[in-house]
Amino acid sequence: MAVKFFGQFLVEKGLVNRESLLQAIELQEQKNLKLGEMALSMGYVTQADIERAHNAQMSKDIKLGDMLVEMGILTLNQLNEVITRQKNTHLYIGEALVLVGALTSDNLQKYLADFKADQAQYVSEKIELPLAVSNSEIWEMTADLTFKMITRVLDLPYRPAKSHAITATGTNFMMAAMDFTGDVEARYIISVNESLQKAIARAILREDNVDGESAEILEDTVMEFANVVCGNVAAKASQMGKILNINPPVTIRPTTAGLPVPANYSGICFPIHIGDGDVMHLILFVKD
Amino acid sequence: MKKVLVVDDSLSVARQLEKIINESGEFTCVGHAKNGAEAIKMNHTENPDIICMDMNMPGMDGLTALRSLVVLDKDVKVVMVTSLGGVGDKFTEALKLGAKNVISKPFEADGVLQILREL
């Protein structure tokens, strides 16, 4: 039901066991050379060059390949050759599972087709953003996955309205927030009224009536919804080549003035009409 | 009936898991720890067969607790429960540290029970 990678799908379905998957991952780690190792094997750099570039990365946060070019150790053409060789020789997890004898080639093709069908529900659709932000494809995917999880997790009908740029959030009954760090930095916020909070609680707790539940547990269910979305966003981002870390969610009770978008961040609000009249707001504060 | 300890800082996830476990008729939930440190203590006092543990918790997180649990108790079977299951590196790290499997969120009752039965 979640965003998955192929090896996980196979283990969850009982098609390969944990030990075989670990063996295949070990084989991948041996065969798939990192950029520095590949450049070394192609004779473009020495071990001492790589160590110098690693040391330089401590004071400048750029990728190893870019650093090797900046230091004049690799030309841009050589870097592209190294990256191309990495891609062309990459051993995928399915191939590695065949090599360790956990799958046959025929089974691999069948299971790959099953996997693609399972994950088709999470193929991102194009979302229009109201302003130019870096890594826009990540934020379009984040909005799209939020919409999809309203159906998958909450089982509620929804209709997204046009997103807009904001300088402050509106006020609301409660907000659940999570921070993304890593290759991109942003704050993800879900803002709901009291009625939507209860609808989320009914779905998460799988109860028909949540009127007797404590405020603490009702808030926790909204945080859990944000957690599920953000974890799946991180999984989808990793498939797009971006590392996103998430911290545990927090609750925010906004004042009547709302929350201002912090300096050096861009604010985007996606209003989402839920059911007959409630509006959930997905708000992103994206670091410029 | 196999005993299961639930470890999650989220009250609502703990409630979901306890309900699935107790309604199965095959497993019984023996407690709920809210972080890794509590999990290590409750593993000692409750002696569960299986631990279902969140990966991302404030205080001692799930992977840190997993490292200790597999050293302290060679018989315990730990399954990680996380919304980050689809991040390949996280999934692999959990298996390498000794987790028997990873349950991704959102989860269905059938999927959870199938994984618990296979242990």
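Residues numbered from 1 in each chain as written. Chains lettered and ligands numbered in written order. Predicted model: local features only at pLDDT ≥ 70, side-chain atom pairs only at ≥ 80, totals over all residues. Heavy atoms only, no water.

Considerations on the confidence of the model for chain A
The predicted model of chain A averages 91 in pLDDT, with 99% of residues at 70 or higher. Mean pLDDT values over the elements of chain A span from 89, in helix α1 (residues 6–12) of chain A, up to 96, in strand β4 (residues 186–192) of chain A. (pLDDT = per-residue confidence, 0-100. Helix = DSSP H or I, 4+ residues; strand = E, 2+ residues; numbered from the N terminus.)

Here we look at the state of the cysteines
All names here are of chain B. Inspection of the entire model under this criterion finds zero disulfides over all chains. Residue C29 stays outside any disulfide, its sulfur separated by 8.5 Å from that of C52, the closest cysteine. Classification of C29 as buried rests on a relative accessible area of 17%. According to the relative accessible area criterion, C52 is buried, its value standing at 0%. (Disulfide = S-S within 2.5 Å. Buried < 20%, exposed > 50% of the residue type's maximum accessible area, 1.4 Å probe, protein only.)

So, the pairing of β4 of chain A
Residue and element names in this part refer to chain A. Of all the seven residues making up β4, six are buried; the element is thus mostly covered by neighbouring parts of the structure. Sheet analysis places strand β3 (residues 174–182) next to β4, joined by seven bridges and oriented antiparallel. The residue bridging M178 from the neighbouring strand is Y188, located in β4. Where β3 hands over to β4, the hairpin turn is made up of three residues, counted between the paired strands. Relative to strand β8 (residues 278–287), β4 runs antiparallel, the two sharing six bridges. By the bridge assignment, A186 is partnered in β8 with V286. (Pairing = 2+ DSSP bridges.)

Observations regarding the interface of chain B and chain A
Taken together, the contact between chain B and chain A spans 35 residues of the former and 36 residues of the latter. Where chain B packs against chain A, one counts five salt bridges. Taking the shortest distance from any N to any O, the salt bridge between E207 of chain A and K19 of chain B comes out at 3.7 Å. Counting the contacts that link chain B with chain A gives 15 residue pairs in polar contact (both at pLDDT 80 or more). At the level of elements, α1 (11–23), α4 (88–96), β5 (101–104) and α5 (109–117) of chain B are the ones that each hand at least two residues to the side of chain B that touches chain A. Of the residues forming the side of chain B that touches chain A, the biggest block, seven residues, is contributed by α1 of chain B. Looking at the side of chain B that touches chain A, its residues break down into 15 nonpolar, 13 polar and seven charged. (Contact = heavy atoms within 4.5 Å. Salt bridge = Lys/Arg side-chain N within 4 Å of Asp/Glu carboxyl O. Polar contact = N/O pair within 3.5 Å; in protein donor to acceptor, adjacent residues only side chain to side chain. Nonpolar A, V, L, I, M, F, W, Y, C, P; charged D, E, K, R; others polar.)

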